[in-house]
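# Structural characterization, general
Spelled out, the chains give:
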Amino acid sequence: MQPSLRTAAAKYASLGYGVIPLHWIKDDGKCSCGRVDCESEGKHPLGEHGASNPMLDAELVTAQWEDTPDANIGLVAGASRRVIIDLDSLAAKDHLKDICDLDTHTAMMTAPISKTGKGWHVHFDDPSGSYAPSVGTNEDAGIDIRGGVSYIVAPPSRHKNGTTYKWIQGGDATTAPPVTAWLHEYLTGRRKAPALILEDDHVETKGGRNNLLASLAGSMRRRGMSVTAIEAALLAENALKNKPPLPVAEVTAIARSIGKLQPTDVPEYMPAVYLGDLIEERAETAERRYTFLNETQIENLPPVAYLVDKVLPLGGYGLIYGRRGSGKTFDALDLALSITTGRHYHGLATNAAGSTVAYIMSEGAAGLKKRINAWKQARLVTTIPGFHALPTSVPLNDPIALAELCLALDQLPSAPSLLVIDTLARSASGLDENSSQDMTKYIGIVDSLRERYGCAVVPIHHAGWNAGHERGSTVIGDAADWIMKVSRDDQNIVSCATEKVKDDEQPDVWKAIFVAQDGTGSGTLEPDTTPVPIDPDIELVILAWEELSAADQAQTSWNQICQMVGFGSKKTRDLRERRRHDIESTGWRIVAGTNTGKQGSGYTLERISRVPILTGE
């Protein structure tokens with residue numbers, strides 16, 4: 001006896017498959033979506049869980065099928081660690097047997113195989129998600145590849161012809177034979193061969209995603225392909241080529257709108273064909289993605305809310321980078337622990353005391369306990385209940401790993417206010433740091449975590465070869481709300497310099513030294529209070545300036561005070577233009593003034609009002 005759809009779907013999830021609900025065939029033989037012109041009956045996704053976000057939890061799957069007990073079952077290939085050969089006819093099956101080698105033929109004799117409405121699904125193991133979906137053409141017509149985010153309809157779903165999908169070999173067990181050497185060559189060759197599927201190295205970003213899919217759909221329709229085939233191909237290409245992917249409903253709308261046309265009536269320029277239908281369909285929904293603001297609404301926008309005052313917004317994207325041994329991990333740990341305990345960070349207030357913070361420590365996890373104990377001792381903190389560490393790397397580019405990370409984050413006491421990823425390199429495994437395309441994808445993954453949890457995300461990264469900027473593509477820093485550069489000089493003085501903030505003035509450079517904390521085996525970064533030697537020339541100017549009365553200072557310019565102590569124009573200009581930081585270390589700074597007399601250049605000095613680096617909390 002066939003299990004119920006709910007039982008089968010829950011079992012698939014418990015065995016590690018990525019499960020999505022699909023529309024089903026009603027008793028009258030029509031698709032449950034209610035569309036008269038539906039050409040994908042019982043096969044297209046139902047609700048919010050499409051191929052890009054399958055369900056991996058058996059309880060979640062059970063709840064879904066309790067709400068929609070008749071829903072057909074979809075299994076997403078990549079999320080299920082499978083590459084699946086979809087044979088839609090006996091001729092396709094025989095052709096595959098004719099061209100494959102003995103090892104592949106033997107493997108297929110033990111592979112899980114299900115019977116579809118008119119063909120077969122043959123499963124192979126693909127734990128790394130190496131193979132992309134493609135539609136068979138020419139001599140491979142009828143042999144489609146389901147990999148990545150493409151999906152199949154699984155037993156015991158009901159086909160529109162009245163039959164039921166059934167396992168005929170291997171059952172629903174998770175064991176499947178690995179891809180053979182011949183099959184690997186065949187699958188990779190399919191990706192390189194001329195076909196209707198675009199080359200895998202092309203990625204379309206916002207602005208061209210609809211045009212990309214519409215153009216592809218038009219090409220397929222002109223060749224006489226059905227709406228079902230077009231929709232399946234577009235969903236696969238959408239997930240592979242569009243960053244971020246379009247919603248499943250929009251992809252389906254493109255396929256169905258173009259599918260209404262006769263192949264001979266499909267024009268070369270597709271957007272004009274489907275846009276009208278798409279606008280009408282969106283007009284019927286209550287959700288609106290875009291709304292223009294008028295002057296009054298802009299004026300009433302709330303101020304930026306900060307997790308760390310002036311630098312890191314709530315839910316923002318920050319970046320801490322530096323060379324190895326610079327102290328960037330110590331600084332990142334100070335950031336995380338300061339936020340959850342409500343301490344100041346570099347003299348800046350944090351605004352999420354008691355919140356949950358999560359720290360992924362790919363490197364240096366063995367010293368985590370020592371570093372935390374040292375921080376607690378230095379800050380007189382006895383407990384940090386909001387801090388949670390994951391002492392392992394997470395390859396965010398791996399959909400399974402990303403899903404597992406989300407499941408782990410979901411188990412925390414509350415959604416994190418901050419997620420630190422230490423390091424970017426370890427979390428971007430499989431991506432090229434120097435590729436703007438790959439790093440755009442990485443930032444998209446970071447953004448998805450920010451949106452899901454409403455948290456700030458701060459990767460820790462390495463400096464480039466000259467230590468003047470972060471390593472890799474400029475995309476990494478361009479997208480950031482805040483960038484902190486951590487460096488260490490020959491005297492072991494650590495400088496934490498904010499290189500970028502979006503909505504406020506950059507705070508002063510924070511200088512620190514490493515202070516060992518007794519009995520912990522580690523230490524912390526503490527403010528450097530070593531007196532800075534004053535340059536004799538600067539000291540002479542400042543002493544002369546301080547001897548003037550307030551009234552005289554108001555009438556004296558920088559050029560005049562330098563002339564009073566005997567400096568020529570070259571030294572006066574050099575001090576003003578190149579030694580500003582040294583001057584500021586004395587508690588004064590050069591500013592544009594109002595005195596522009598004969599000897600004046602329009603510059604004067606003013607006292608700096610400094611904020612204490614650390615508070616006494």
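Now for the overall build of the protein chain. Scanning the protein chain from terminus to terminus reveals 21 helices and 23 strands. For the protein chain, the residues scored as buried account for 47% of the 617 residues in total. By sequence separation, contacts in the protein chain at least 24 residues apart represent 69% of the contacts at least 6 residues apart. If you sum the accessible surface of the protein chain, you get close to 30100 Å²; carbon and sulfur atoms cover 51% of it.

Two quantities define a packed helix pair, namely the angle between the helix axes and the distance between the axes. For the pair helix α13 (residues 399–410) and helix α15 (residues 436–453), interaxial distance at closest approach is 12 Å and the crossing angle is 25°. When the axes of α13 and α15 are compared, the pair comes out roughly parallel. Viewed along their axes, α13 and α15 form a crossing whose handedness is right-handed. For the pair α13 and α15, contact is made by L402, L405, C406, L409 and D410 and by I445, L449, R452 and Y453, respectively. The class makeup of the residues in the contact of α13 with α15 is seven nonpolar, no polar and two charged.

Sheet strands line up and pair through hydrogen bonds in the backbone, either parallel or antiparallel. Reading across the sheet, the nine strands line up as β15-β14-β16-β17-β13-β18-β19-β20-β21 and stay open at both edges, with mixed pairing between neighbours. Looking at which strands have only one partner, the edges of the open sheet turn out to be β15 (387–390) and β21 (522–527). Along the sheet, successive strands turn relative to each other by an average axial angle of 20°, direction set aside. Sheet topology note: the strand β13 (residues 318–322)/strand β17 (residues 456–462) ladder contains three bridges and is parallel. Across the sheet, the residue bridging to I320 is I460, located in β17. Most of the contacts of helix α11 (residues 328–341) go to strand β14 (residues 357–361), to which it runs at about 160°, and overall it touches β13, β14, β15, β16 (418–422), β17, β18 (482–488), β19 (494–501), β20 (510–517) and β21.

The final tally for this structure, using the stated rule, is 16 salt bridges. K160 is paired through a salt bridge with E41; the nearest N and O atoms lie 3.7 Å apart. Of the two residues, K160 is situated in the loop between β7 (151–154) and β8 (166–169) and E41 in the loop between β1 (18–22) and α2 (58–67); the sequence distance between them amounts to 119 residues. Residue classification places E41 among the partly exposed positions, given a relative accessible area of 21%.

Glancing now at the pairing of strand β3 (residues 82–87). Regular strands place side chains that alternate from one sheet face to the opposite one. Of all six residues in β3, six are buried; the element is thus mostly enclosed. Where burial is concerned, the two faces of β3 agree: the one with R82, I84 and D86 and the one with V83, I85 and L87 are both buried. In this sheet, strand β5 (residues 120–125) lies alongside β3 in antiparallel orientation, the contact comprising six bridges. Bridging from a neighbouring strand, R82 pairs with D125 of β5. Here β3 pairs with strand β6 (residues 143–146) via four bridges, running antiparallel. From the neighbouring strand, D86 faces β6, where its bridge partner is D144.

Let us now look at empty space enclosed by the protein. Per the stated rule, a full pass over the model turns up two cavities of 30 Å³ or more. In this structure, the largest cavity is lined by F330, D331, L333, D334, R371, W375, R379, G523, T524 and L525. Listed by contribution, the elements that provide at least two residues to the lining of the largest cavity are α11, α12 (368–379) and β21. Top contributing element to the lining of the largest cavity by residue count: α11, with four residues. For the lining of the largest cavity, the residue count by class is four nonpolar, two polar and four charged.

Attention now moves to the sheet that holds β3. Taken together, five strands build an open sheet; the order of strands is β6-β3-β5-β4-β8 and the sheet is antiparallel. Two strands in the sheet have a free side with no partner beyond their single neighbour: β6 and β8. Sheet twist, expressed as the average angle between the axes of neighbouring strands with direction ignored, equals 25°. Running over the sheet, helix α3 (residues 90–99) touches β3, β5 and β6 and is turned about 120° from β3.

The end-to-end C-alpha separation of α11 is 20 Å, in line with the 20 Å expected for 14 residues at 1.5 Å each. Extensive coverage of α11 is indicated by the burial of 14 of its 14 residues.

Our next topic: a nonpolar patch on the surface. A contiguous nonpolar surface patch, about 280 Å² in accessible area, is contributed by L293, I298 and L301. In this fold, L293 is placed in the loop between α9 (271–283) and α10 (295–299).

Now for unusual backbone geometry. The omega torsion across P155 and P156 is 0°, close enough to zero to call that bond cis. Within the fold, P156 resides in the loop between β7 and β8. Between D422 and the following residue, T423, the backbone shows a cis peptide bond with an omega angle of 20°. Counting through the fold element by element, T423 comes out in the loop between β16 and α14 (424–427).

Once that is clear, we can look at α13. Between its first and last C-alpha atoms α13 spans 16 Å; for 12 residues at 1.5 Å apiece the expected length is 16 Å, and the two agree. Capping the start of α13, D398 holds a side-chain oxygen 3.0 Å from the backbone nitrogen of I400, two or three residues further along.

The rules behind these values
Residues numbered from 1 in each chain as written. Predicted model: local features only at pLDDT ≥ 70, side-chain atom pairs only at ≥ 80, totals over all residues. Heavy atoms only, no water. Helix = DSSP H or I, 4+ residues; strand = E, 2+ residues; numbered from the N terminus. Buried < 20%, exposed > 50% of the residue type's maximum accessible area, 1.4 Å probe, protein only. Contact = heavy atoms within 4.5 Å. Areas by Shrake-Rupley, 256 points an atom, 1.4 Å probe, with all protein chains shown as cover. Axes fitted to C-alpha atoms, helices over the stretch in contact; angles between N-to-C directions. Parallel < 35°, antiparallel > 145°, perpendicular 65-115°, else oblique. Left-handed = near helix turned anticlockwise from the far one by under 90°. Nonpolar A, V, L, I, M, F, W, Y, C, P; charged D, E, K, R; others polar. Pairing = 2+ DSSP bridges. Salt bridge = Lys/Arg side-chain N within 4 Å of Asp/Glu carboxyl O. 1 Å grid on protein atoms, 1.4 Å probe; cavity = no way out; pocket = protein on both sides within 12 Å on 5 of 7 lines; lining within 4 Å. Points joined across faces, edges and corners; volume = space filled by probe spheres on them. Expected span 1.5 Å × (residues − 1). Patch = residues over 30% accessible without salt bridge, like charges linked within 9 Å, V, L, I, M, F, W, Y side chains within 5 Å. Polar contact = N/O pair within 3.5 Å; in protein donor to acceptor, adjacent residues only side chain to side chain.

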